[in-house]
Amino acid sequence: AKYVYDFTEGNKDLKDLLGGKGANLAEMTNLGLPVPPGFTITSEACRHYLAEGAVPDGLEREVSEHLGAMEKRMGKALGQADDPLLVSVRSGAKFSMPGMMETVLNIGLNDESVHGLAKQAGGNDRFAWDSYRRLIQMFGKTVLGIDGELFEHALESLKGDRQDTDLDAGELQGLVETFKGIVREQTGKDFPADPREQMRLAVMAVFDSWNAPRAILYRRQERIPADLGTAVNIVAMVFGNVGNDSGTGVAFTRDPGSGQQGIYGDYLQNAQGEDVVAGIRNTIPLQELERLDKSSYDELLRIMETLENHYRDLCDIEFTIERGKLWMLQTRVGKRTAAAAFCIATQLVDQGLITLDEAVTRVTGDQLVQLMFPRFDSGTEKKKIAKGMNASPGAAVGKVVFSSARAVELADQGEDVILVRRETNPDDLSGMIAARGILTSRGGKTSHAAVVARGMGKTCVCGAEELEVSIAERRFTAPGDVVVNEGDVISIDGTTGEVFLGEVPVVDSAVVEYFEGREPDDDLVRAVDRIMRRADEVRRLGVRANADTAADAARARRFGGEGIGLCRTEHMFLGERRQLVEDLVLASGDEERQAALDALEPLQKADFVEIFRAMDGQPVTVRLIDPPLHEFLPDIVDLSVKAATGETSDKQRDLLAAVKRLHEENPMLGLRGVRLGLVIPGLFAMQVRAIAQAAKDVPGAKPEIMIPLVAAVQELEAVREEAAGILADLGVDALVGTMIETPRAALTAGQVAEAAQFFSFGTNDLTQMTWGFSRDDVEAAFFSRYLELGIFGVSPFETLDRDGVGRLVRIAVEEGRKARPDLKLGICGEHGGDPDSVHFCHEAGLDYVSCSPFRIPVARLEAGRAAM
Ligand code: PEP
Ligand code: MG
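Everything numeric here is computed off the predicted structure, so don't read it as measured data. (Residues numbered from 1 in each chain as written. Chains lettered and ligands numbered in written order. Predicted model: local features only at pLDDT ≥ 70, side-chain atom pairs only at ≥ 80, totals over all residues.)

**Q** I keep staring at the overall build of the protein and nothing clicks. Help me out?
**A** On a plain count of helices and strands, the protein comes out with 35 helices and 31 strands. The principal-axis extents of the C-alpha atoms in the protein amount to approximately 105 × 60 × 55 Å. The buried share of the protein, taken over its 868 residues, is 52%. Sequence separation of 24 or more characterises 68% of the internal contacts of the protein that already satisfy a separation of 6 or more. (Helix = DSSP H or I, 4+ residues; strand = E, 2+ residues; numbered from the N terminus. Buried ≥ 20, exposed ≤ 12 C-beta atoms within 10 Å, placed from the backbone. Contact = placed C-beta atoms within 7 Å.)

Here it is, written out as structure tokens:
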């Protein structure tokens, strides 16, 4: 195998092998952009190292060859005493994991070459010693595993109140000695002086960082597979810390918050890359570079345009200027907010860079969901205490916490929290996940907090500089003597950057109002409208709603639903009517039972009339009652306690006896669905009559009658015959079909289809029964452990398990259609509104998905994307 690729050998499509960073460095190299020379060690080498505990044979030789070529090109050798070549060793996986893995800069410095570096920089001793102390610091922390605080503490106490740029060469040389002392003390060995050894160890440390706890956590959060490994880039160093004619920065080709075109970025004079991202010193806006170094600035803008046209998308970049010469260190198609994703996609269409179909593929259902979040009510009085940068949109309200640990603790207790930090670093990830929102007092839109929050779709305000944050005292202050202590409630607006004291009420999003029927009146809503229309044109899947009230049915229609795919009739028996169900189930004779049924029938009919009216001629799949009995009967424990304490009437004693008789250990697998219909005479017949009568009352009504929890065609056959008889008697036309929610029904779909005009996959129960996972219990009980262990990447109740449950669905589709070619096929489990599952349904050839009314737009969009 080939484990090393020069930048001239790769390209942007080799992300699997070279990682995002390596592939894009190669792409930029081939575009003729100023990229320092370098090469990439493949992620395959990393996977080998992680599996075997050693680098693959031949890797060292390949690295030496590429290093040799680079040395020849540069005319100097790695760490050469009088004129050293220095390199950075940078992680870069297929998917961007900002700040989660390791990078080591300035490899090749030691006690000799530090003098060569100073000479090379025109006698700039300060720069050389600053670079050397950075190497020991980064190497010590990431490669040797020394607590980074030890180095930071030494630096802080040397600096006092000064900036790091105020330290002179002598002081930095002293700091190098201190740092070397720390290394000796902590590891029992000297800092390795051999440049090649430094490089070798750094490469392995980057490989290892793939499995750092924060990287694992980030991957789980972002659903990035755990077995990809990272590539490693070895890049000739260019220096942003040589003096004030040097610096480093990050930029976006358009605003990642709103999508607006313009110049967005941060620049830091006389600094190395990690200083910007870490928010160590405050950056200046990129526009000010024009004043500092016009020619580099102009070149940067030209390159940004080249990149945007080449990638046909928003790009983010990292660059360094070394004594007036611009170097590109990274680019990638940039992360963006959900709103920006929609706006950028349609802008690129208008610019002629992409087609409208491509625009549909550039946005996701998850992003659409984010746009449907509420925002703060502009009408209410608010007490604004600060304004920072609008780093990641949304409206978040919660109690202030100052540490990740506290955020996790309170969130576990069900509290909403806002994580407040001076700046965040990758160790804050668990707190960021637990918090409703993130607020920092330092750092720009490209700071760690901002980048990670945007990636997670979490509300974030950063760089609110008026705030004085004291982590130690667990409080922050704002202008006007405002003091906010841990536990106080604040509200943060990630769309405007504003911070408010107390709880601010929230209102619906403009996108929801648009789905509710308002005309598009801003850029974002217009973009959503264009993309949704196109998705609707191309999608093959129908989209229906799970709705069992007229109000839900009406919303479903407004949101673009094309019928009801699941009307759960047992939901109509809750509240006051529960007593009637209890009477029915516990009835001791035909008479009592008939009385209960007679009482229910008109109520049922009225329910259906309302729903048929709301759906105005669209199909309505009514599912006959499916009550797991534990959800309906009085609690056996309550009754028993009352009986034991003697406070019971005769009636209650009878009730207890009946409940005991009907008590089930596993009600989910017990007397429910079609089983109940077969056991309680007249129950299903009453419902079918109510449906048919209602249909007669509402012209154009299109009822479909659905039988739940069927496992054998014989169950279905008995019910179907009775239903068909009632429909015929009343002269009503309705399809009669079944849910497929037991594995047996799926496996015998060919037989079942003989008695069913349609199938609707009840993937909640099908998942429950296929995995043997109790729907009611397992998620809280142990799913977090299963996710941790990587047994699955996402709960199978959330995203349809293609391998197991999906296989059953495919079998049922194939055999069902074979038996009955015009069989209609849908899905009505929760998966119907999950993006990945919608794609599965498209691939499996279903006719429609059915989901909760609020998820309908997501399902429409994803069905469109699936059809692309
Ligand atoms: C299902 O099991 O997927 C389903 C839709 O039915 P319920 O959730 O009501 O059991
Ligand atoms: Mg079910």
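Here the narrative resumes.
**Q** Any chance you could explain the confidence of the model for the protein here in plain terms?
**A** For the protein, mean pLDDT is 92; residues scoring 70 or higher make up 99% of the total. Confidence estimates for the predicted assembly give a pTM of 0.82 and an ipTM of 0.99. (pLDDT = per-residue confidence, 0-100.)

**Q** Would you mind showing me how to read the sheet that holds strand β9 (residues 315–322) here?
**A** An order of β8-β7-β6-β9-β10 is seen for the 5 strands of this open sheet, with the pairing classed as antiparallel. Each edge of the open sheet carries a strand with a single partner, namely β8 (284–285) and β10 (325–333). (Pairing = 2+ DSSP bridges.)

**Q** Help me out: how do you make sense of the site of ligand 1 in this one?
**A** Every residue lining ligand 1 is accounted for by L566, R568, D626, E741, G762, T763, N764, D765, C828 and G829. Those elements that place two or more of their residues in the shell around ligand 1 are β25 (564–568) and α31 (763–771). By residue number, the principal contributor to the shell around ligand 1 is α31, which donates 3 residues. For the shell around ligand 1, the class distribution of residues is 2 nonpolar, 4 polar and 4 charged. (Near = placed C-beta within 6 Å. Nonpolar A, V, L, I, M, F, W, Y, C, P; charged D, E, K, R; others polar.)

**Q** Is there a simple way to think about the sheet that holds strand β20 (residues 482–485) in this case?
**A** Strand pairing in a sheet relies on backbone hydrogen bonds. The paired strands run either parallel or antiparallel. Taken together, the 3 strands give an open sheet; going across it, the order is β18-β19-β20, and neighbouring strands pair in antiparallel fashion. Each end of this open sheet is capped by a strand with a single partner; those strands are β18 (468–470) and β20. Here the strands of the sheet are splayed against their neighbours by 15° on average, with no regard to which way each runs. Here 3 bridges tie β18 to strand β19 (residues 475–478), and the two strands are oriented antiparallel to one another. Along β19, the bridge assignment pairs S470 with R475. (Axes fitted to C-alpha atoms, helices over the stretch in contact; angles between N-to-C directions.)

**Q** Could you clarify how one ought to interpret the pairing of strand β22 (residues 498–501) in this entry?
**A** Looking along a regular strand, one sees the side chains alternate between the two faces of the sheet. As paired strands, strand β12 (residues 383–387) and β22 are joined by 4 bridges and run antiparallel to one another. In the strand pairing of β22, K387 is matched with E498. Here strand β21 (residues 489–493) hands over to β22 after 4 residues, with G497 in that stretch at a positive phi of 85°.

**Q** Explain the environment of F139 to me, please; I cannot follow it from the model alone.
**A** By the element assignment, F139 lies in helix α5 (residues 125–143). The contacts of F139, once residues within four sequence positions are left out, are V104, L144, Q198 and A202.

**Q** Looking at this structure, I do not really get unusual backbone geometry. What am I missing?
**A** A negative phi angle characterises most non-glycine residues, just as the trans form characterises most peptide bonds. A positive phi angle, close to 65°, is found at N106, a residue other than glycine. By secondary structure assignment, the location of N106 is in strand β4 (residues 103–107). With a phi close to 45°, D616 is a non-glycine residue in the positive phi region. Here D616 is to be found in the loop between α23 (590–615) and β26 (619–623).

**Q** I'm lost on helix α9 (residues 213–222) in this one. Help?
**A** Three- or four-residue spacings in an α-helix give side chains the same orientation, since the helix completes a turn every 3.6 residues. For α9, the full list of buried residues reads A215, Y218 and R219. Angular distribution of buried residues about the axis of α9 spans 100°; they occupy a single face of the element. Buried residues in α9 make contact with α8 (195–209) and α17 (429–434). (Arc of directions from axis to C-beta.)

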